[in-house]
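# Observations on the three-dimensional arrangement
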Amino acid sequence: MPRFNTVAILGVGLIGGSIGLGLRRRGLAGRVIGIGHRKESLRVARERGAVDEATVDVAAGVAEADLVIVCTPVGRIVDDVRSAAANCRAGALITDVGSTKAEIACAVAAGLPPGVAFIGSHPLAGSERSGPAAAEADLLVNRVVVVTPDETARVEDLKSLVDFWSSLGARVVRMSAVEHDQALAATSHLPHLVAAALALATPREVLALTASGWADTTRVASGDPELWRQIFASNRAAVLTALVRFDETLAALRAALERQNDDSLRQILAAAKERRDAVA
């Protein structure tokens, strides 16, 4: 039996399309409605089976939804949540999939109508690919989804949201929006900056000599530049703090090389290996 009568997904790209595919293939929703600004993306989402219906009309798309998932770029999430909330039925729950949480949660809290709840989410999944053509029904299986309820969140809404993500195969972690942004600055946002810096620092004339190490390390630099600009702007302070730690590590490596201190270099590399190997 479906867990939700109607789920509306605002933004049917990689994440939104994958959520829709997962819901429909598992029979978890009676109806999945895709909402978007680009008719072509909506057409692909329907052809791939990610949604039952598609519309460019936000008001019509969310009108009967029990759950609304906003899967648009970080810079648009606040406006899209507000637009959805203004047209939802009483009792609806809204979440998002943004890579930053504190700024969004603060802005959304000031504009929710009575009877509509919002709890932020962030699936730690995806790739440098985009669009519904890249969607996968099992994208969230065994992946972490962070949920960031504030002190006003109702127990039943939080349980419903946790159950939703769990039903798609995800492992749910709960933390505050601020804690999330500090952690993701180190584990997601800084790595993208480093990948971009490494790619740009590589002379074009030697690109033919790159191999798997360079490719693996710079893979995420192929992500949408505007999307990542929005993420960095939304989490600026935490990213700058993460950059300070990174700069200190680079300075230690530079000093070891300049002073020909092989013992220090070995210790840093060994510590880095230990940290990396701690991740299963």
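Figured I'd write up the structure that's included with this text. (Residues numbered from 1 in each chain as written. Predicted model: local features only at pLDDT ≥ 70, side-chain atom pairs only at ≥ 80, totals over all residues. Heavy atoms only, no water.)

### Observations concerning the overall build of the protein chain
On a plain count of helices and strands, the protein chain comes out with 11 helices and nine strands. Its C-alpha atoms give the protein chain a radius of gyration of 21 Å, near enough to 19 Å, the size a compact globule of 280 residues would have. Along the first, second and third principal axes, the C-alpha set of the protein chain runs to 65 × 40 × 30 Å. Burial statistics for the protein chain: of 280 residues in total, 42% are counted as buried. Summed over all atoms, the accessible surface of the protein chain reaches about 14800 Å², with 54% contributed by carbon and sulfur. For the protein chain, the centre of its 31 positive side-chain charges and the centre of its 32 negative side-chain charges are spaced 3 Å apart. (Helix = DSSP H or I, 4+ residues; strand = E, 2+ residues; numbered from the N terminus. Rg over C-alpha atoms; globule rule 2.2 N^0.38 Å. Buried < 20%, exposed > 50% of the residue type's maximum accessible area, 1.4 Å probe, protein only. Areas by Shrake-Rupley, 256 points an atom, 1.4 Å probe, with all protein chains shown as cover. Lys, Arg positive; Asp, Glu negative; His and termini not counted. Charge placed at Lys NZ, Arg CZ, Asp CG, Glu CD.)

### Considerations on the pattern of salt bridges
For the structure on display, the rule yields 15 salt bridges. Its salt-bridge partner being Arg-31, residue Glu-64 comes within 2.6 Å of it at the nearest N-O pair. Here Glu-64, found in the loop between helix 3 (58–62) and strand 4 (67–70), pairs with Arg-31, found in strand 2 (residues 29–35); they are 33 residues apart in sequence, far enough to count as distant. We classify Glu-64 as exposed; its relative accessible area is 53%. Here Asp-96 ties to Lys-101 by a salt bridge, and the two come within 3.0 Å at their closest N and O atoms. Grouping residues by exposure puts Asp-96 and Lys-101 together as buried. One network of salt bridges, in which partners are shared, links Arg-31, Glu-53 and Glu-64. (Salt bridge = Lys/Arg side-chain N within 4 Å of Asp/Glu carboxyl O.)

### Re helix 1 (residues 14–26)
Over its 13 residues, helix 1 extends 18 Å from the first C-alpha to the last, a length consistent with the 18 Å expected when each residue adds 1.5 Å. The buried fraction of helix 1 is high, at 10 of 13 residues. Leu-14, Ile-15, Gly-16, Gly-17, Ser-18, Ile-19, Gly-20, Leu-21, Gly-22 and Leu-23 are the residues of helix 1 that are buried. Once helix 1 ends, the next one or two residues include Gly-27, with phi positive near 65°. (Expected span 1.5 Å × (residues − 1).)

### Description of the side chain of Asp-181
In this structure, Asp-181 sits in helix 7 (residues 177–201). One buried charged residue, Asp-181, forms no salt bridge at all, with the nearest opposite charge on Lys-101 at 6.7 Å. Engagement of the side chain of Asp-181 in a polar contact is seen with the backbone nitrogen of Ala-102, the distance being 3.0 Å. When near neighbours in sequence (up to four residues on either side) are disregarded, Asp-181 contacts Thr-100, Lys-101, Ala-102, Glu-103, Asn-235 and Ala-238. (Polar contact = N/O pair within 3.5 Å; in protein donor to acceptor, adjacent residues only side chain to side chain. Contact = heavy atoms within 4.5 Å.)

### Points about the sheet that holds strand 7 (residues 120–123)
Taken together, the three strands give an open sheet; going across it, the order is 7-8-9, and neighbouring strands pair in mixed fashion. What marks the edges here is a single partner per strand, and that holds for strand 7 and strand 9 (171–174). Adjacent strand axes in the sheet meet at a mean angle of 25° when their direction is disregarded. Sheet topology places strand 8 (residues 144–148) next to strand 9; four bridges connect them, and they run parallel. Paired with Val-146 across the two strands is Val-173, which belongs to strand 9. Taken strand by strand, helix 6 (residues 155–167) contacts strand 7, strand 8 and strand 9, and its axis lies near 165° from that of strand 8. (Pairing = 2+ DSSP bridges. Axes fitted to C-alpha atoms, helices over the stretch in contact; angles between N-to-C directions.)

### Details of the sheet that holds strand 2
Read across the open sheet, the six strands follow the order 3-2-1-4-5-6; overall the sheet is parallel. In this open sheet, the two edge strands, each paired with only one partner strand, are strand 3 (53–55) and strand 6 (117–118). Alignment of strand 1 (residues 4–10) against strand 2, held across six bridges, turns out to be parallel. Each bridged residue has a counterpart across the sheet, and for Leu-10 the counterpart in strand 2 is Ile-35.

### Notes on empty space enclosed by the protein
Applying the stated criterion across every chain yields a total of one cavity of 30 Å³ or more. Of the volumes computed, that of the largest cavity is approximately 40 Å³. Forming the walls of the largest cavity are Ser-18, Ile-19, Gly-22, Arg-26, Glu-136, Ala-137, Asp-138, Leu-139, Leu-140 and Leu-168. For the lining of the largest cavity, a count of residues per class yields five nonpolar, two polar and three charged. (1 Å grid on protein atoms, 1.4 Å probe; cavity = no way out; pocket = protein on both sides within 12 Å on 5 of 7 lines; lining within 4 Å. Points joined across faces, edges and corners; volume = space filled by probe spheres on them. Nonpolar A, V, L, I, M, F, W, Y, C, P; charged D, E, K, R; others polar.)

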